[in-house]
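# Survey of secondary and tertiary structure
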Amino acid sequence: MDTPPEIDLSLVLVGIIGMLLLAVALVVFFIIYQRRLLRQQNELRDKEREHQRRLLAAAVEVQENERRRIAGDLHDDIGSLLSAARLYLKQLDPSAKAEEHAEIKEETINIVGQIIQNTRRITHDLMPSELEKFGLSAAAEDLCERLNKTGEIKVHFNSTLSQRLSAKREVALYRVIQELVNNTLKHAAADQINLEIGMQRDQFLMRYADDGKGFNTAITQQRGGAGLGLKNMESRISLIDGQLDFQSQPGQGLQVNIHLPLIDLRKT
């Protein structure tokens, strides 16, 4: 017996309605998915903009701190010594005998000697002669040797760096090494530091680690990033097109990795 045409028509209608519902469901799902994807992209862009803003603020803070430090050194060390020399020179009496000026002369010479010594120290802090003449590897090795001579901490240094970097990159990397060492000495209560620099494939790599008390990175990041010190370092590395990653846990020390792309390093 043939199926009544009414039943065939109802099945077709049900099928059509089902397909329409499925199509509508797919369209709704696609719209919701696209909105969610767009929202996530916007959130990522907002986070990236905030991250860049913090890096810029950190870069400005680094520059301001450098200016304040230099101004303080010039005012406290050089300015005070020049004032003392001026006072001694004002005591000179042209009509007095030479032997009466002997003590003033000796003190003035000593002060000028201190001015020269402090000027050299400030100049070395601004641009270490080893860094300018021989490059990052030699300057980092000299810094590590000086730390080892203090007896306060043991520093292991290894370099496979076979070429000079651009002056801008060498200065930035050296400043980061200095900041890492200072943070370790001030806060980590560490016994050892390991520092490695070199090339690997298409990148310059630097690895820094100490065995200090470490810190909780999750809590630090919730408070707005890597903290001022690490944020300043990240800013320095960002300005030379590099990347800084750090890891730490309480009782497990600090590990910092820095990567720079191996485009012509002396031109960047």
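See above for the structure.
So, here is what we can say about the structure in this document. Every value quoted in this text rests on a predicted model; they were computed, and no experiment measured them. (Residues numbered from 1 in each chain as written. Predicted model: local features only at pLDDT ≥ 70, side-chain atom pairs only at ≥ 80, totals over all residues. Heavy atoms only, no water.)

## What about the packing of aromatic side chains?
Given two aromatic rings, their pairing is described by the distance between the two centres and the angle made by the two planes. For clarity, the threshold we go by: Aromatic rings from Phe, Tyr and Trp, with only the six-membered ring used for Trp, were paired whenever their centres fell within 6.5 Å, and each pair was classed as stacked if the ring planes differed by under 30 degrees, edge-to-face if by over 60, and tilted otherwise. Secondary structure counts use DSSP, requiring at least four H or I residues in a row for a helix and at least two E residues in a row for a strand, with both numbered from the N terminus. Note on exposure labels: buried denotes an accessible area under 20% of the residue type's maximum, exposed denotes more than 50%, and partly exposed covers the range between, all computed with a 1.4 Å probe on protein chains only.
Counted according to the given criterion, the structure contains 2 aromatic pairs. On the basis of an interplanar angle of 20° and a centroid distance of 6.3 Å, the ring pair of Phe 29 and Tyr 33 is categorised as stacked. Taken together, the positions of Phe 29 and Tyr 33, both in helix α1 (residues 5-90) and 4 residues apart, correspond to about one turn of that helix. Judged by its relative accessible area of 44%, Tyr 33 is partly exposed. The interplanar angle of 35° and the centroid separation of 6.2 Å between the aromatic rings of Phe 215 and Phe 246 together place this pair among those described as tilted. Of this pair, Phe 215 sits in the loop between β3 (203-210) and α6 (217-222) while Phe 246 is found in strand β4 (residues 243-248), placing the two residues 31 residues apart along the sequence. For Phe 215, a relative accessible area of 25% translates into the label partly exposed.

## Structural notes on the pairing of strand β5 (residues 254-261)
For clarity, the threshold we go by: By this definition, two strands are paired if DSSP reports at least two bridges between them.
Residues Leu 254, Val 256, Ile 258 and Leu 260 of β5 are buried on one face, while the alternating residues Gln 255, Asn 257, His 259 and Pro 261, pointing to the opposite face, are not. Alignment of β3 against β5, held across 8 bridges, turns out to be antiparallel. The residue of β5 that forms the bridge with Ala 209 is Gln 255. Looking at chain direction, β4 and β5 are connected through 6 bridges and run antiparallel. Pairing of Gln 243 across the sheet is with His 259, part of β5. Linkage of β4 to β5, two consecutive antiparallel strands, is achieved through a turn of 5 residues, within which Gly 251 is found at a positive phi near 85°.

## A look at the pattern of salt bridges
A pair can form between side chains of opposite charge whenever their charged atoms are brought close. Applied cut-off: When a carboxyl oxygen of Asp or Glu is within 4 Å of a side-chain nitrogen of Lys or Arg, the pair counts as a salt bridge.
Per the counting criterion, the structure on display carries 3 salt bridges. Of the charged contacts in the structure, one is a salt bridge between Arg 146 and Asp 142, with a shortest N-O distance of 3.0 Å. Separated by 4 residues within a single helix, Arg 146 and Asp 142 lie in helix α4 (residues 136-150), roughly one turn from each other. Residue classification places Arg 146 among the partly exposed residues on the basis of a relative accessible area of 37%. As a salt-bridge pair, Arg 164 and Glu 170 come within 2.8 Å of each other at their nearest N and O atoms. Overall, the relative accessible area of 26% leaves Arg 164 in the partly exposed class. Residue classification places Glu 170 among the buried positions, given a relative accessible area of 2%.

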